[in-house]
Amino acid sequence: MNFSLKIWRQDGSQGRFEDYEVSDVSADSSFLEMLDQLNDQLTESGGDPVAFDSDCREGVCGTCCLVINGRPHGGRGGTTCQLYMRHFADGETITIEPWRATAFPVVRDLVVDRSAFDRIIQSGGYITVHSGPKPEPNTMPIEPEVAEEALDAASCIGCGACVAACPNGAAMLFTAAKISHLGLLPQGQPERMERVRSMVEKMEDEGFGPCRNYGECEAACPKDISIKFIGRMNRDYLRATMVEPYDRRGKMKPQ
Amino acid sequence: MSRRLVALYRSQLGKKVVVAVTGLIMVGFLVVHLAGNLKVFLPDPEPGVADIDVYAEALREIGVPFLPHGAVVWATRLALLAAVILHVVCVLQLSAQSRAARRGGYAERRYQRATWAARLMMVSGLTLLVYIVFHLAHLTVGVVEPDRFVHGALYYNLYEAFTRWPFVLIYTVGMAAVAFHVYHGAWSVFQTLGLDSPERNRLFRGVAIGLAILFLVGFLSIPFAFVSGVLGPPPSPPEEHAGILQAGFATPADNAPSEVQR
Ligand code: HEM
Ligand code: SF4
Ligand code: FES
């Protein structure tokens, strides 16, 4: 198969689109393999290969961040590395761009700096456990439904497609998934309110935008994280700011 | 408490809560306002007096003699004014933050889920703002056409305006904006406040669609009833009828319900 590619190239603060042609691409190659092929071609002809991120190439690490034809990860319900060239028409022109969000500055070409996500996690995405001998696995009973729901939230790979898809550059889906994954489980209860407060504040400090309930994030998420977790985060945040921590030693008057 | 409110307001999530709560207050007002407006279709309780005029006077009399005449009406107006101001200020601040979070767009952007109503909230909202100012100037203050406006003679004022197409058209645009805004907004409130869930989603989406249709059809039934002749001219000249109201309905709050039943 042959493709015309319109790729965002950036080195420094300004970028632009450049056109490329790749030929003899196997229909069974993945999108990233197609880009590898292009880069081989560019290197051989003395050109400058296109910088893009990838690692596991099996949909678990979340580093392969490309907006393909206006949709993060190509909009087919998986990650970019799980996208195959047979999904495209022979001869098609494909536009490839980086995630665009102020909080994700472009490092080079298609590579963005997503360390803002790491800082959100650092601000509250942990639980306190004692570090002695490993406890017996079933000492803390957890309802299977709750465990499953926590696992659904935990399946977020931190790729940032939700931010890339959001017209407001909001990181609500990611942050909500991370908050819910710990907040649903008994082990996450002690820091639950503190966690939601600090992670939401960090999210806003990092320059992500406000949610307007468009639902674009859920549509773009390769792991099908539901916006129900955003509702849950909103509820917890309201509680954390309006009622917790309550004044434990406050006095009451009977008259 | 106030410290907590300030902390909430500082955050984007908190501003969204303010938008949601004030939006909900305005939706609540619209439901009551619609119910009141539909009294225009009720028969005259007394020869020469339109039912809606009695109702308007009764609203001013709520709480009398414990509260001054018109107190409840004015309190409601102030509360609504505060709601509109808070709603708009928060929306504008949030909108500036979203633009800052997303400098530079995609060469090609294909939406997958967002509805037109959601994407055009700012357009429908700003249309509403202009509409609200016009509506108050027209039917509350009466400065749009002072020679065709008599304070307290609601039926007469409605008849004068809505028998002419330009007014019908302006109100149609206003109500289309309301319907569009509420179609997304009345659901969005539940999500913002964290009340929506997959099990309740159909209910809340249904409420939003239902309210949008109710407002569109309910409010517009009035101008269209006048322009099509379903509703006729006022039962008496407006000056005379203001006199009847004052003389005949000294305590309209007590009289009105039984009059309506008859
Ligand atoms: C009768 C008047 C109005 C009603 C009933 C109303 C109702 C609502 C409701 C229920 C919401 C949803 C809140 C949420 O997302 O949780 C909303 C959002 C919004 N309203 Fe209004 N509104 C009114 C007037 C206005 C006006 C005058 C503006 C002018 C700027 C406006 C602009 C917006 C915008 C832009 C949003 C989306 C905010 C966001 O999601 O970030 N609204 N409105
Ligand atoms: S919520 Fe989905 S789209 Fe967002 S970072 Fe996690 S996996 Fe990626
Ligand atoms: S490369 Fe790891 S998810 Fe795509």
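On a predicted model such as this, the values are computed, not experimentally measured, just so you know.

The rules behind these values
Numbers given for residues are sequential positions, taken from 1 along each chain in its written order. Here every chain gets a letter starting at A, and every ligand a number starting at 1, in the order they are written. Under the rules for a predicted model, residues below a pLDDT of 70 receive no local features and side-chain atom pairs below 80 are neither given nor counted, while totals for whole chains, interfaces and linings still include all residues. Only heavy atoms go into the side-chain values, all of them from the structure, while hydrogens and water stay out. Think of a nonpolar core as a cluster: buried Ala, Val, Leu, Ile, Met, Phe, Trp, Tyr and Cys residues, connected wherever their side-chain atoms sit within 4.5 Å. Throughout this description, buried means an accessible area under 20% of the type-specific maximum (1.4 Å probe, protein chains only), exposed means over 50%, and partly exposed covers the range between. Secondary structure follows DSSP: runs of H or I at least 4 residues long count as helices, runs of E at least 2 residues long count as strands, and numbering of each begins at the N terminus. Throughout the structure description, domain borders are defined by an automatic or database domain assignment. We call two residues in contact when some of their heavy atoms are within 4.5 Å. What makes a residue near a molecule or strand is one non-hydrogen atom of that residue sitting within 4 Å of it. Under the scheme applied here, ten amino acids are nonpolar (Ala, Val, Leu, Ile, Met, Phe, Trp, Tyr, Cys and Pro), four are charged (Asp, Glu, Lys and Arg), and all others, including Gly, are polar. Two strands qualify as a pair provided DSSP detects at least 2 bridges between them. Here an angle of 0 to 180 degrees is reported between the N-to-C directions of two axes, which are lines fitted to C-alpha atoms, with helices fitted over the stretch in contact. A patch consists of residues whose relative accessible area exceeds 30% and which take part in no salt bridge; residues with like charges are grouped when within 9 Å of each other, and nonpolar side chains (Val, Leu, Ile, Met, Phe, Trp, Tyr) when within 5 Å. Note on areas: these come from Shrake-Rupley sampling with a 1.4 Å probe, and a residue is covered only by the protein chains present in the view. Here, a salt bridge means any Lys or Arg side-chain nitrogen found within 4 Å of an Asp or Glu carboxyl oxygen. We count Lys and Arg on the positive side and Asp and Glu on the negative side, and we leave His and both chain ends out. Here the site of a charge means atom NZ of a Lys, CZ of an Arg, CG of an Asp or CD of a Glu. Counting of polar contacts relies on pairs of N or O atoms within 3.5 Å, with two restrictions inside protein: one atom must be capable of donating a hydrogen and the other of accepting it, and residues adjacent in sequence are counted only when both atoms are side-chain atoms. Put simply, buried area is how much 1.4 Å-probe accessible surface two parts lose in total, over both of them, once they are put together. Our angle categories are set so that under 35 degrees counts as roughly parallel, over 145 as roughly antiparallel, 65 to 115 as roughly perpendicular, and the remainder as oblique. To estimate the expected span of a helix, count its residues, drop one, and scale the result by 1.5 Å. Think of it this way: the bend at a residue is just the angle between two axes, each fitted to seven residues, one set ending at that residue and the other starting at it. With the far helix as reference, a near helix turned anticlockwise by less than a right angle produces a left-handed crossing, and one turned clockwise produces a right-handed crossing.

1. Focus: the nonpolar core
Ranked by size, the top nonpolar core spans 87 residues in total, and within it A:Phe208 and B:Phe215 carry the most contacts. It is helix H8 (residues 165–192) of chain B that provides the largest number of residues to this core, a total of eleven residues. Of the domains in this structure, domain 1 (3–108) and domain 2 (114–243) of chain A are the two that each give at least three residues to this core. Excluding residues within four positions of it along the chain, B:Phe215 makes contact with B:Val27, B:Leu30, B:Val31, B:Leu34, B:Val178, B:Val182 and B:Leu220. One finds A:Trp8, A:Leu83, A:Ile94 and A:Leu110 within the second-largest nonpolar core, a separate group that totals 25 residues.

2. Let's talk about the site of ligand 2
Residue and element names in this part refer to chain A. Neighbouring residues of ligand 2: 13 residues in total, closest Cys156, Cys159, Gly160, Cys162 and Cys221. If you list the elements that add at least two residues to the shell around ligand 2, you get helix H4 (161–165) and helix H5 (172–183). Residues that form the shell around ligand 2 fall into these classes: eleven nonpolar, two polar and no charged.

3. Observations concerning the sheet that holds strand S1 (residues 3–10) of chain A
Residues and elements named next belong to chain A. Across the sheet, five strands lie side by side as S2-S1-S5-S3-S4; this open sheet has mixed pairing. On the outer flanks of this sheet lie strand S2 (15–22) and strand S4 (71–72), each paired with one strand and no other. Where S1 meets strand S5 (residues 93–97), four bridges bridge the pair, whose relative direction is parallel. Bridge assignment links Ile7 to a residue of S5, and that residue is Ile96. Along the sheet face, helix H1 (residues 31–44) touches S1, S2, strand S3 (67–68) and S5 and points at about 90 degrees away from the line of S2.

4. Focus on a negative patch on the surface
Residue and element names in this part refer to chain A. A grouping of Glu143, Glu145, Glu148 and Asp152 is seen on the molecular surface, where their side chains present a negatively charged patch. Following the sequence through the fold, Asp152 ends up in helix H3 (residues 144–154). On the accessibility criterion, Asp152 (42% relative accessible area) is partly exposed.

5. Considering the site of ligand 1
Close contacts around ligand 1 come from 21 residues, with B:Lys16, B:His87, B:His181, B:Ser188 and B:Thr192 the closest. Looking at the residues close to ligand 1, they fall on chains A and B. The side chain of B:Lys16 places a nitrogen or oxygen atom 2.8 Å from an oxygen atom of ligand 1. Taking B:Thr192, its side chain carries an N or O atom lying 2.8 Å from an oxygen atom of ligand 1. Contributing elements (two or more residues each) for the shell around ligand 1: helix H2 (12–37), helix H4 (71–101), helix H6 (121–141) and H8 of chain B. Here the shell around ligand 1 is built from residues that sort into twelve nonpolar, seven polar and two charged.

6. Some words on the interface of chain A and chain B
With 53 residues of chain A at the contact, the number on the chain B side is 39 residues. With both chains or domains summed, chain A and chain B bury close to 4,000 Å², and 50% of this area falls on carbon and sulfur atoms. Counting the contacts that link chain A with chain B gives two salt bridges. One salt bridge connects B:Arg113 with A:Glu218, and the closest N-O pair in it is separated by 2.8 Å. Taken together, the connections running from chain A to chain B amount to 34 residue pairs in polar contact (both at pLDDT 80 or more). The set of elements that each furnish at least two residues to the side of chain A that touches chain B consists of S4, S5, H4, helix H6 (192–205), helix H7 (216–220) and helix H8 (228–242) of chain A. It is H8(A) that provides the largest number of residues to the side of chain A that touches chain B, a total of ten residues. Broken down by class, the residue content of the side of chain A that touches chain B amounts to 28 nonpolar, 14 polar and eleven charged.

7. A look at the packing of H6(A) against H8(A)
Residue and element names in this part refer to chain A. One way to put it is that H6 packs onto H8 with a least axis distance of 9 Å and a crossing angle of 105 degrees. The angle between the axes of H6 and H8 places the two elements in the roughly perpendicular class. Two secondary-structure elements touch here, H6 through Arg192, Met193, Val196, Arg197, Val200 and Glu201 and H8 through Arg232, Met233, Asp236, Tyr237, Arg239 and Ala240.

8. Section: H8(B)
All names here are of chain B. If you check H8, its first and last C-alpha atoms are 39 Å apart, about what 28 residues at 1.5 Å a residue would give, namely 40 Å. Residue Val182 marks the point of greatest curvature in H8, where the axis turns by about 35 degrees. Gly194 occupies a position one or two residues after H8 and carries a positive phi of about 70 degrees.

9. What to know about the packing of H2(B) against helix H9 (residues 201–227) of chain B
Residue and element names in this part refer to chain B. Between H2 and H9, whose axes approach to 10 Å, the crossing angle comes to 35 degrees. The element H2 and its partner H9 pack so that their crossing is left-handed. Residues Val27, Leu30, Val31, His33, Leu34 and Asn37 of H2 lie in contact with H9, whose contacting residues are Leu211, Leu214, Phe215, Gly218, Phe219 and Ile222. Looking at the contact of H2 with H9 residue by residue, the class counts come to nine nonpolar, three polar and no charged.

10. Regarding the side chain of A:Asn39
Position of A:Asn39 among the secondary structure elements: in helix H1. Filtering out sequence-adjacent residues up to four positions away, A:Asn39 remains in contact with A:Pro49, A:Val50 and A:Phe52.

11. Concerning the domain arrangement of chain A
All names here are of chain A. Once the domains are mapped, chain A shows domain 1 (3–108) and domain 2 (114–243). With 16 residues of domain 1 at the contact, the number on the domain 2 side is 17 residues. When the two sides are added together, the surface that domain 1 and domain 2 hide from each other amounts to roughly 1,200 Å², 67% of it contributed by carbon and sulfur. Per-residue buried area on domain 1 facing domain 2 is highest for Pro72, Ala103 and Phe104; these three make up 39% of the total on that side. Counting every contact that joins domain 1 to domain 2 gives zero salt bridges.

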